[in-house]
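# Close look at the chain arrangement
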Amino acid sequence: MATNGKPVKGFGLKHSATGTTIFTVMSALATQHNAINLSQGFPDFHIDERLSQLLGDAARLGHNQYAPMPGMPALRQAIAVNFKQRYGVNIDPDSEITVTPGATYAIYTAFTALLQPGDEVIVLEPAYDSYIPNIEMNGGIVVPVALPAPDFNVDWNKVKEAITPRTRSIIINTPHNPTGAIWDKNDWDTLAEIVRDTDIVILSDEVYEQLVFDGQKHYSVLEHPELRQRSFALYSFGKVFNNTGWKIGYCIAPPEYTLAFRRIHQFVAFTVNTPAQYALAHILGNNTAIPVNQLMQAKRDLFLELIKQTPFTVFTPTKGSYFQVVGYERINDMGDMEFAEWLTKEYGVATIPVSAFYKNKKDDKLIRFCFAKKEETLRDAIARLSALAAR
Ligand code: PMP
Ligand code: GLN
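First things first, this report covers the structure right here in the doc. Residue positions are given per chain, counted from 1 along the sequence in the order it is written. Both sets of labels track the order of writing: A upward for chains, 1 upward for ligands. Note on the predicted model: pLDDT of at least 70 is required for a residue's local features to be given, and 80 or more for side-chain atom pairs to be given and counted; whole-chain, interface and lining totals, by contrast, use all residues. The side-chain values count all of the structure's non-hydrogen atoms but skip hydrogen atoms and water molecules.

Turning our eyes to something else, we now look at the pattern of salt bridges. The working definition used for a salt bridge is a side-chain nitrogen of Lys or Arg within 4 Å of a carboxyl oxygen of Asp or Glu. Considering all chains together, one arrives at 16 salt bridges under this definition. Between R166 and E120 there is a salt bridge, and its shortest N-O distance comes to 3.0 Å. With R166 in the loop between helix 7 (156-162) and strand 5 (167-173) and E120 in strand 3 (residues 120-125), this residue pair connects regions lying 46 residues apart in the sequence. In this scheme, a residue with accessible area under 20% of its type's maximum is buried, one over 50% is exposed, and one in between is partly exposed, where area comes from a 1.4 Å probe on protein chains only. Judged by relative accessible area, which is 9%, E120 ranks as buried. Across the salt bridge formed by D364 and K362, the nearest N and O atoms sit 2.8 Å from each other. D364 sits in the partly exposed class, given a relative accessible area of 35%. When its relative accessible area of 32% is taken as the criterion, K362 is described as partly exposed. Here the residues in one salt-bridge network are D214, R300 and D301, joined through shared partners. Runs of E in the DSSP output that reach at least two residues are strands. Runs of H or I that reach at least four are helices, and both are numbered from the N terminus.

This is the structure in structure tokens:
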């Protein structure tokens, strides 16, 4: 059932997001109209067969009871080794890694551990739609700072101006959903400079860390010794193993932060699906997973090539993530929500209106496509969109 934004008798509103999350709205509309779903971010192809096998093995071998509260030791160990290999950083699996039921939960839990009523949190918009409600549910006050179009790189002067003595946190996301912008080393250094003499804690949402294209590098907050000491870094296996429905993620944070995080986690989820942790520990531990960024870059390249057959405008090709933002100014003047609904109903392709990523629903007439799809799905979608006429 959709949530209609009105208070339910006896239940106060905990946050300002009226209505149902856009990902549910657009996926439901896609189903209703039999549209190709390029809205919500999830792959439509099969996962690695070995991973399916391992999941079944786990259940058959009897790994079916509660895993330890911070996560299965073998999985946390495998994560630590994997980060050492990929980033050269040392992470203590016992005191710095907590396995969570997805990254969305990890972000919520970090905010819950951190925020007291009245604390301000800087959010760079457009932003993934759970951030603002999560802050508000914890009594925090959202301070939005706009990322300027068309490249959506951070305007650091604006961030500086937004900081007050009440600023407790800033949440950042690279590679960025929905714009596909990525941070370079200078961005991290500038952030470090700005927060140096404050108590600001960083939440670094790096769920798309392995989806960076054109040979560019993802800089993790964990590689920045100064910032790492004041950061929660959040990850999702869904984006690495193409299994978003498994909903397994993790939080990497300094020991004190991890203690605070687990104080909340132990009484909310307590622990995470055991067979899935077993399967992930094995595939990660054996280091045999197929790199997802090559696969996704090929999809990004195909999508960018195919979209030329349509009147959409690509202002900035995405540098990372599952997503490409485009303009439709050559097609019509509708608002982006209306446009997304119209496109789903009339042309059979579902997308996400970018206004959904702003607290005040700022409408720059942009939509987001998810290209993490089979080649056949992308070709079918573009065939439908090719019928759109430029005015
Ligand atoms: N952060 C961002 C930027 C996302 O796009 C998503 C969506 N997958 C998440 C966090 C949440 O990931 P999960 O599915 O593991 O909760
Ligand atoms: N992260 C995904 C997206 O941006 C969706 C996750 C969700 O449905 N909440 O499309």
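As a further point, take the pairing of strand 12 (residues 366-370). When you tally the buried positions in strand 12, you get five out of five residues, the bulk of the element. Judged by which residues are buried, strand 12 turns out to be covered on both faces: L366, R368 and C370 on one side and I367 and F369 on the other are all buried. Direction of pairing for strand 9 (residues 323-327) relative to strand 12: antiparallel, over a ladder of five bridges. Its bridge partner being in strand 12, V326 is matched across the sheet by I367. Bridge count between strand 11 (residues 352-353) and strand 12: two bridges; the pairing is antiparallel. Counted as the bridge partner of I352 is R368 from strand 12. By this definition, two strands are paired if DSSP reports at least two bridges between them.

A few words on the nonpolar core. Residues grouped as a nonpolar core are buried Ala, Val, Leu, Ile, Met, Phe, Trp, Tyr and Cys residues, joined through side-chain atoms within 4.5 Å. Of all hydrophobic cores here, the largest spans 60 residues; its most connected members are L75, I79, F83, L124, L191, F237 and I252. Looking at which element gives the most residues to this core, the answer is helix 11 (residues 274-285), with seven residues. Core analysis: the second largest hydrophobic core is formed by 34 residues, I307, I367, C370 and A372 among them.

For a helix, the expected span equals 1.5 Å multiplied by the residue count minus one. In a regular helix each residue adds 1.5 Å, so 13 residues correspond to 18 Å; helix 2 (residues 49-61) covers 18 Å between its end C-alpha atoms and thus fits that length. Regarding helix 2, the residues found buried are L51, L54 and A58. For helix 2, the arc enclosing every buried residue in end-on projection is 55°, short of the 170-degree limit, so these residues lie on one face. Seen from the open side of helix 2, the exposed residues pointing more than 90 degrees away from its buried face are E49 and R60. In what follows, residue pairs with any heavy atoms lying within 4.5 Å of each other are defined as contacts. Along its buried surface, helix 2 packs onto helix 11. The positive-phi residue at the C-terminal boundary of helix 2 is G62, with phi of around 100°. As used here, the arc belongs to the directions running from the helix axis to the C-beta atoms.

Now for the site of ligand 1. Any residue with a heavy atom lying within 4 Å of a molecule or strand is counted as near it. For ligand 1, the set of nearby residues contains 13 residues, the closest of which are T104, D205, Y208, K239 and K247. D205 is positioned with one of its side-chain polar atoms (N or O) 2.5 Å from a nitrogen atom of ligand 1. Computed on the free molecule, ligand 1 has an accessible area of 390 Å², of which 93% lies beneath the protein chains in the complex. Each residue is assigned to one class: nonpolar for Ala, Val, Leu, Ile, Met, Phe, Trp, Tyr, Cys and Pro, charged for Asp, Glu, Lys and Arg, and polar for all the others, Gly among them. Residues that form the shell around ligand 1 fall into these classes: five nonpolar, five polar and three charged. Here a polar contact is recorded for every N or O atom pair within 3.5 Å, except that within protein the pair must consist of a potential hydrogen donor and a potential acceptor, and residues adjacent in sequence are included only if both atoms are side-chain atoms. Where accessible areas are quoted, they stem from the Shrake-Rupley method and a 1.4 Å probe; at the residue level, only the protein chains shown are allowed to cover.

A few words now on the side chain of S220. By the element assignment, S220 lies in the loop between strand 6 (201-205) and helix 9 (225-228). Look at S220 and you get buried, because its relative accessible area is 1%. Side-chain polar atoms of S220 contact the side chain of E206, separated by 2.9 Å. The contact partners of S220, leaving out residues within four places of it in the chain, are Y87, W188, E206 and Y235.

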